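One letter stands for each residue in the lines below.
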Amino acid sequence: AGGGVAIAAGVLFPPGAPSDTVLGHLTAITRTGSQTVDLGPAPASATDVSVTLTCLSAGRFGFPDGSILRCSADANGTVVDEKATEIIPLAPGQHSVSITTSTDASWTLQAEYVDRVTTSWGTNASGQTFGVANGNGTPDLVAVTIDHGSVEGYVSASDLACASGSTEVHSPAEALAWDEASKHRDISVPVYESNGITVIGSFVVGNAYGHHATTVPLSSLALRCTTSGSG
């Protein structure tokens, strides 16, 4: 096993991910240029609005939460990378969403109100919480996928923080040593089942520069992680 990505909230619905309940009717419109779209009155339980934008032409399209969808066209004029979905939190009294783009860029928007609830983390027999980071913080074991998404598991949050560069240094020499080491190698941390004991693979944190880095075990690092207090 090697390589992996942290699971985005809601992809495989691990503990702690948001759960969305669709409310009301679907608003679907087609527009050109920047527009504010009225969605009608929001249901009392609505917390967010789910918006899916589909490009009809090349352009740069901005969502209310600041995220950007960039659409381009191939040699035949066909638009590629043409769709994105965002969940936008609702402000009190809000019943519209705005899309910003150039005056000649066309798009279609589908929007619907949702009631978003954050699910609870799981807790294993050792008392460790497991799931995804959310508004409540980060669980002890963070959900990841490895082997190109074919294997699901968990990595220790303290191991992940250490491998990502959260270290405790006691001298300029130690700081330089860590910086130099992180330039030339990726760091692998064990992936567990939710029990936090059974190892099912390794998750590679990419600190390396270039394609010829060496994957090394976390235990080979001499510096202590501030989160775990161990090497």
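## Things to note about the overall build of the chain
- Scanning the chain for helices and strands turns up 2 helices and 19 strands.
- Within the chain, buried positions represent 37% of all 231 residues.
- Looking at the chain alone, contacts between residues at least 24 apart form 65% of all its contacts between residues at least 6 apart.
- When the accessible surface of the chain is totalled, it reaches about 12,100 Å², and 51% of it is carbon and sulfur.

## Describing the sheet that holds strand β6 (residues 68-73)
- Across the sheet, which stays open at both edges, the 3 strands sit in the order β5-β6-β7 with antiparallel pairing between neighbours. What marks the edges here is a single partner per strand, and that holds for β5 (59-62) and β7 (79-80).
- Here 2 bridges tie β6 to β7, and the two strands are oriented antiparallel to one another. Paired with A73 across the strands is V79, a residue of β7.

## Focus: the packing of aromatic side chains
- Evaluation of the coordinates by the stated rule reveals 1 aromatic pair.
- Considering the side-chain rings of F130 and Y154, the 5.3 Å spacing of their centres and the 75° angle between planes classify their relative orientation as edge-to-face. One end of the pair, F130, is in strand β12 (residues 129-131); the other, Y154, is in strand β14 (residues 151-156), and 24 residues separate them in sequence.

## Here's the deal with the confidence of the model for the chain
- The pLDDT averaged across the chain works out to 77; a share of 71% of its residues lies at or above 70.
- Low confidence marks residues 1-11, where pLDDT is under 50. Its contacts with residues over four positions away, or in another chain, come to 31 contacts.
- Considering only residues more than four positions removed or in separate chains, one finds that residues 207-231, a stretch of pLDDT under 50, has 63 contacts.

## Thoughts on the nonpolar core
- Among the nonpolar cores identified, the biggest contains 24 residues, and V49, V51, L53, F61, L69, W107 and L109 are the most heavily contacted of them.
- Secondary-structure elements contributing two or more residues to this core are β2 (18-32), β4 (48-55), β6, β8 (83-89), β9 (96-99) and β10 (106-118).
- With 8 residues, the next largest nonpolar core counts V144, V189, V191 and F203 among its residues.

## Examining the pattern of salt bridges
- This structure, assessed with the given rule, holds 1 salt bridge.
- Of the charged contacts, one joins R116 and D20 as a salt bridge, the two residues approaching to 2.7 Å between their closest N and O atoms. Of this pair, R116 sits in strand β10 while D20 sits in strand β2, and the two are 96 residues apart along the sequence.
- R116 sits in the partly exposed class, given a relative accessible area of 30%.

## Here's the deal with the state of the cysteines
- Applying the stated criterion across every chain yields a total of 1 disulfide.
- Through a disulfide, C55 is tied to C71; the S-S separation comes to 1.7 Å. Its S-S torsion of about 45° marks the bond between C55 and C71 as right-handed, since a negative value means left-handed. One end of the pair, C55, is in strand β4; the other, C71, is in strand β6, and 16 residues separate them in sequence.
- What makes C55 buried here is its relative accessible area of 5%.

Conventions used here
Residues numbered from 1 in each chain as written. Predicted model: local features only at pLDDT ≥ 70, side-chain atom pairs only at ≥ 80, totals over all residues. Heavy atoms only, no water. Helix = DSSP H or I, 4+ residues; strand = E, 2+ residues; numbered from the N terminus. Buried < 20%, exposed > 50% of the residue type's maximum accessible area, 1.4 Å probe, protein only. Contact = heavy atoms within 4.5 Å. Areas by Shrake-Rupley, 256 points an atom, 1.4 Å probe, with all protein chains shown as cover. Pairing = 2+ DSSP bridges. Phe/Tyr/Trp six-rings, centres within 6.5 Å; stacked < 30°, edge-to-face > 60°. pLDDT = per-residue confidence, 0-100. Core = buried A, V, L, I, M, F, W, Y, C linked by side-chain atoms within 4.5 Å. Salt bridge = Lys/Arg side-chain N within 4 Å of Asp/Glu carboxyl O. Disulfide = S-S within 2.5 Å.

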